[in-house]
Each structure stands twice: as structure tokens, then as C-alpha cells.
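Read off the chains here:
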Amino acid sequence: MRTKIALLAAAVLSVLALFAPAAHADNPIVQTIYTADPAPLVYNGRVYLYTGHDEDNSTYFTMKEWRVWSSADMVNWTDHGSPLNLASFSWASANAWAGQTVYRNGKFYWYVPMTVRATGQMGIGVAVSNSPTGPFTDAIGRPLVSNGQIDPTVFVDEDGQAYLYWGNPDLWYVRLNADMTSYSGSPTKIALTTAGFGTRTGDANRPTLFEEGPWVYKRNGLYYIVFAAKCCSEFIAYSTATGPTGPWTYRGTIMPTQGGSFTNHPGVIDFNGGSYFFYHNGALPGGGGYTRSVAVEKFNYNSDGTIPTITMTSAGAPQVGTLNPYVRQEAETIAWESGVETEPASEGGMNVGYIDNGDYIKVKGVAFGSGVTSFSARVASAASGGAIELRLGSAGGAVVGTCAVPGTGGWQTWTTVTCPVSGATGTQDLYLRFTGGGGSLFNVNWWQFSGSAATTDAITNGTTENGTTGWRVFGAGTLTSNTSVAHGGTRSLAIAGRTASWNGIAQDVTSRLTSGKTYTTSAWVRSQSGTPSARATLAITAGGSTTYMSLTPSTTVNSGGWTLLSGTAAVSWSGTLTNATFYVETDSGTDGYYLDDVSLR
């Protein structure tokens, strides 16, 4: 059904004629449905975002399922659908409200509050999956805790002890056992003091600012609890402590009351060297206190560890790296859209559907390079089809290709269409604009560009899915193909036994370089321990001498997630080139690291 979003399509299309080449705002980050209560998780070089789903036209917190999204660049978000809903819990009856997912023991645990059918009060369940995108199943067949309060958050400390916090109007915690589905001791109520959580005026029953939505984490030895404060309308505040259970000290406001929703809900992560603050507002057409939308801002901690005041923006966070158009991209990977919706696809995953004439999808920061020749898309139509216009810069921008989409006899009867492309160069925002007759036109499952730029990567087996093929060690160390962690796919490369900073995972690129050409490097690195600085380097031997060129700036990497090394450099030499070696080095010569998804174009 096209409920959304006729409201959203009408509102956004009404300003289509005003589009300029400047990029469209990217907050809220999901526009196909109303989302609330963001809970981000960094895993294997991606941010997985777990949200609630406000039903269209809601006049209360009408929520029946949870949703998952993910991004490698903080602007293009892939819709993974709903792997968990009220029906997943036989004991629950209503109110799929704010939860959080954590990774431990090779599994993903999703803690969610619901109404317990037998008692009518809120309880917190836990679901488990082997994948961050599910499917999730009820781990224990009953509530983990149930005292009528809501908004679970889970934090795993460095010593391995995990804590579950939740509450409104109180704040509770329990120490979870290692299985993450049981706990030791009894639920403990944290003392809500004005020194710990600020002073509320005008409500004798709620003397502190704490309202709901706690989010607990640790940074540089300091524990943070970020929470929704003082209903209603709420703002976001935080407190800190030297231990996971307090005593807490109130630190002030992070995000003032704003944004068209009388509630707010925080989520805080570090990703790829940056810090990010997730929240929700009522910014979409038809939005408000019961039809909310998740958004994100990038921020920097102050030098003393305090958090600055963060204001909601329509611009959102900057892009991390670029998007590669020469590999299959899911159509439901979207920075911004007008009019479309998503649905489960018969070929797996999700597809974009309910496409009308004039609808579009924006994909941000697409690295075309040069030499694009064609575009392919997986499409289906129970109607007469239509066309996909490939536009650059805006929904009214230059057309670099048009793909005709035929009727296929069914909305899930898929075929692949291909069309020529001319004029797509550099890194630009791509708009897939859909045209045709009346009513729904067709569905799109995925798309991909082809051309000489797709084959000019100087790195072979850059995805590392073929093990160590094409790779070697520069200097000392042992190189292996690793399946325990991967940025993309199922494998990465691992090196151990390094004895010098310049020792590293390497590849001979002598025959694949051109003097005088500018190359863009992209490589994802993860340390095996510690936080060394890493960079990609090119050793060039020509005319009898060897020079070393930094392809990327030195960037701090860590063992908790993947960090992108990226940079652009002009490569040239004099005389006859006899050897060129690409390698990744660190500022410490003995630490091991992982390497994945490497390109040198």
C-alpha cells in the first residue's frame, strides 16, 4: 500500500522544480517510513542502525516491528527490512518500543521492550541472531526482566561484565551473565539524585531531569550515560561516572529541545575515526511526536572529554569515503528519496517499489572515475514498465543515460536491463529518476555500472575473497587469509610477526601503473591490538633508485572496528620502472593487523 507516503512524495515533489546542483539535505536518514529510537552498532566496518517503526498516521506510539539499516559511509543507508516484530515473541501483545542490539560471543543480541500479555505491563525481551541483519528469534521464550519500565540499553565493559540498564520513571540495572540472556542478582535501582542527573522543577514526583532512553558507554576510562531529559518536550542530557553503576555526576545538555517531536532518543558511537550522535525528530512531512524520523550528526568531544552542544541539522553527517558504482549496489541503498517505498524481494533482501512517474532515489558520493560505458539494473513490472533516468548532481541534473524498463509480467518477475552511459566522470551524486505512465511503474532490486574504470584497479584480489592470491609480505611477517573478521564478504588478510614499521601486507603493481597518473587509494585496516597509525605506501624503483610515496595520510586504527585509509596521489618516476610495490605499514613494527577491500585506481 502507498500510505506513506503519499504525504512525503507530494511534499518533496512540490519542491522538485527548486532543485539546484547543490546536494540535497541528508537528514532524516530514512525517508521511506517513519523511524524512531535509534540504536547504532559498529560491526565489521559498517554501522548497523536498529530502529523502531512509527506506523503512518499514528496518534499514539503505535509500533509493531523493529527495523535494521546499515551504512559504510554514514550517508547511503541500506534498508534490511524488519527481522524482528511483536509476533517473534509469543508472550508479547503490543508496543514494540525502543531497544538496542549488541554483539558478543559471535552473536547479536537485541533487547526490546513490549507489553507482556499475561500481566499487561511492559517487559524486556531478548532476541538473538547470527547476523546483524537477522533474522532474530526469541532467545528465552519469556521476558528477561519485567517491572513495567522501558528503554533497555546494554553495555559490555572491558573486563567482560555486561550490564542491562532501563527505566522510566526510574533507572534500573542488572549484571548480565556471559550468555547475555540471563543475569545474576536482582535488578538494582540507581539513585536518581539531582547531583547525578540534574534538577527538574515543577514536578515533585520527578525531582531529577532523567526521563527515559538511557544510552551507556565508556570512553577513555570514563563512563557516560546519555538520556532523554524532562518530558515534555524532551531534550538530551548526560552524566558521567568513574564506574558503570555510578555514582553519576550531571554534565549538562547535549541536544536542546527542538525538532517537532516531544520525545527524543540518543545513540552515540565512534566510527572510522569520527564520533556520531543519533537522535530522532519530526522532520518528515506528516511528522510529529508519534511519527518520528531518525537523524545523525557528527561531533568532536572537547579536550576534557565533555560533549559539546549538538544542534539538529538537515545536512547530517559528512560522507566517509565514496560509493563504488562498479560493484552491485542494492536499490534500497539510499541517501535521499522521493515517493518510493521498499518491500521484501523474492530474490532475497529488499527491493524498491511503488514507483510512480517522477519519483527518484539519490545516492551520494558515487566514484565514477572515468570510462563509464553502461548501466545495468534488475527490474520487474506487472504494468508496462517505464524508464530509469541517470542524472548527476540533482533530480533535474544532466542525463548521462536512460534505461528502458519493460513489463515483465509480475512485480517479482525479474529481468536485467542495460543501457549505455556517457558523461559520468569523477565523484558525483547520482539520481535515479523514474519516468513512465500513471500508477506504479516497476520495481528495482539492484544496479551496477560497467566500463573501463571498473577494470583499471591496480590491485588484484582487492576484496581478499580469493585468500592470499596476489598478495605477499613486504619485509618480515606471516600472511594468512582470515575468516574471523571481514570488512566486506567473508575474508580479510592478516599479518603477524612484523619486525619493522615498514613490514606489511603488500602487492606487486609494477605492470599496472602509469607514470603521471593520479591514483585514488582505498584500504580498510583493523589492528589486532592497540591503536597504531597506519598508511598505504608505494615503493617505486626506477632508474636504479627507490623512492617511497605515501598514498594515504597516517590514520589511527584500532582493534574494535575497521578504519578506512583513503587518499589521492600523483604517481610518476624517471627512467625505467623495475618495481612498484603497494603495501600498508604502521608506526609500530611488531603489531599485527587485518586488511580488506583494497583498491588503487
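Structural data are supplied above this passage.
The sections below set out a description of the structure shown in this document. (Residues numbered from 1 in each chain as written. Predicted model: local features only at pLDDT ≥ 70, side-chain atom pairs only at ≥ 80, totals over all residues. Heavy atoms only, no water.)

On to the overall build of the chain, then. A tally of helices and strands in the chain yields 2 helices and 44 strands. Computed over its C-alpha atoms, the radius of gyration of the chain comes to 25 Å, within 12% of the 25 Å expected for a compact globule of 601 residues. Along the first, second and third principal axes, the C-alpha set of the chain runs to 80 × 65 × 40 Å. Taken over 601 residues, the chain has a buried fraction of 57%. Long-range pairs, those at least 24 residues apart, make up 63% of the contacts in the chain between residues at least 6 apart in sequence. (Helix = DSSP H or I, 4+ residues; strand = E, 2+ residues; numbered from the N terminus. Rg over C-alpha atoms; globule rule 2.2 N^0.38 Å. Buried < 20%, exposed > 50% of the residue type's maximum accessible area, 1.4 Å probe, protein only. Contact = heavy atoms within 4.5 Å.)

Looking now at the pattern of salt bridges. Taken as a whole, this structure holds 17 salt bridges when the rule is applied. Residue Asp-26 is joined to Lys-364 by a salt bridge in which the shortest nitrogen-to-oxygen separation is 2.6 Å. One end of the pair, Asp-26, is in the loop between helix 1 (4–13) and strand 1 (34–43); the other, Lys-364, is in strand 27 (residues 360–369), with 338 residues separating them in the sequence. Under the relative-accessibility criterion, Asp-26 is labelled buried at 5%. Lys-364 gets classed as buried once you look at its relative accessible area, which sits at 16%. Between Arg-67 and Glu-65 there is a salt bridge, and its shortest N-O distance comes to 3.3 Å. By the burial criterion, Arg-67 is buried, and Glu-65 matches it. Where salt bridges share partners, they join Asp-26, Lys-362 and Lys-364 into one cluster. (Salt bridge = Lys/Arg side-chain N within 4 Å of Asp/Glu carboxyl O.)

The next subject is the sheet that holds strand 17 (residues 235–241). The sheet built from 4 strands is open, its strands ordered 15-16-17-18 with antiparallel pairing. The outermost strands of the open sheet, each flanked by one partner alone, are strand 15 (210–219) and strand 18 (249–255). On average, adjacent strands in this sheet sit at an angle of 25 degrees to one another, irrespective of strand direction. (Pairing = 2+ DSSP bridges. Axes fitted to C-alpha atoms, helices over the stretch in contact; angles between N-to-C directions.)

So, about the state of the cysteines. Tallied over the full model, the rule gives 2 disulfides. Covalently, Cys-231 is tied to Cys-232 through a disulfide, its sulfur atoms 1.4 Å apart. Take Cys-231: its relative accessible area is 32%, and that puts it in the partly exposed class. One disulfide in the model links Cys-403 with Cys-419; its S-S distance is 2.2 Å. Here Cys-403 and Cys-419 share a disulfide; its torsion about the S-S bond, -105 degrees, makes the bridge left-handed. Note that Cys-403 is positioned in strand 30 (residues 398–405) and Cys-419 in strand 31 (residues 410–420), a separation of 16 residues in sequence. Take Cys-403 and Cys-419: they sit in the same class, and that class is buried. Assigning the bonded cysteines of the chain consecutive numbers by sequence position, one obtains the connectivity 1-2, 3-4. (Disulfide = S-S within 2.5 Å.)

Right, let's get into the packing of aromatic side chains. A full pass over the atoms with the stated rule returns 39 aromatic pairs. Consider the rings of Tyr-60 and Tyr-290, whose centres lie 6.2 Å apart with planes at 40 degrees: the pair is tilted. One end of the pair, Tyr-60, is in the loop between strand 2 (46–54) and strand 3 (65–71); the other, Tyr-290, is in the loop between strand 20 (274–281) and strand 21 (293–299), and 230 residues separate them in sequence. On the accessibility criterion, Tyr-60 (44% relative accessible area) is partly exposed. By relative accessible area, Tyr-290 is classed as partly exposed at 25%. Here the aromatic rings of Phe-474 and Trp-502 are separated by 5.6 Å at their centres, their planes lie at 75 degrees, and the arrangement is edge-to-face. One end of the pair, Phe-474, is in strand 34 (residues 472–474); the other, Trp-502, is in the loop between strand 36 (492–496) and strand 37 (504–508), with 28 residues separating them in the sequence. Taking the relative accessible area as the measure of exposure, Phe-474 reaches 15% and is therefore buried. (Phe/Tyr/Trp six-rings, centres within 6.5 Å; stacked < 30°, edge-to-face > 60°.)

This part covers unusual backbone geometry. Glycine aside, residues mostly have negative phi, and peptide bonds are mostly found in the trans state. In this structure, Ser-233 follows Cys-232 across a cis peptide bond, with omega equal to 20 degrees. By the secondary structure assignment, Ser-233 is in the loop between strand 16 (222–229) and strand 17. Here the bond from Gly-246 into Pro-247 is cis, since omega is 5 degrees, no more than 30 degrees from zero. Along the chain, Pro-247 falls in the loop between strand 17 and strand 18. Positive phi outside glycine occurs at Met-74, with the angle close to 75 degrees. On the secondary structure map, Met-74 appears in the loop between strand 3 and strand 4 (77–79). Its identity as a non-glycine residue notwithstanding, Asp-597 has a phi of 50 degrees, on the positive side. Secondary-structure assignment places Asp-597 in strand 44 (residues 593–600).

With that settled, consider the nonpolar core. One finds Phe-89, Trp-110, Val-226, Phe-277 and Ile-307 to be the most contacted residues of the largest nonpolar core, which totals 38 residues. Of the residues forming this core, the biggest block, 5 residues, is contributed by strand 8 (residues 107–116). Each residue touching Val-226, except ones within four places of it in the same chain, is listed here: Gly-213, Pro-214, Trp-215, Tyr-217, Ile-236, Ala-237, Tyr-238, Ile-254, Pro-266, Val-268 and Phe-277. (Core = buried A, V, L, I, M, F, W, Y, C linked by side-chain atoms within 4.5 Å.)

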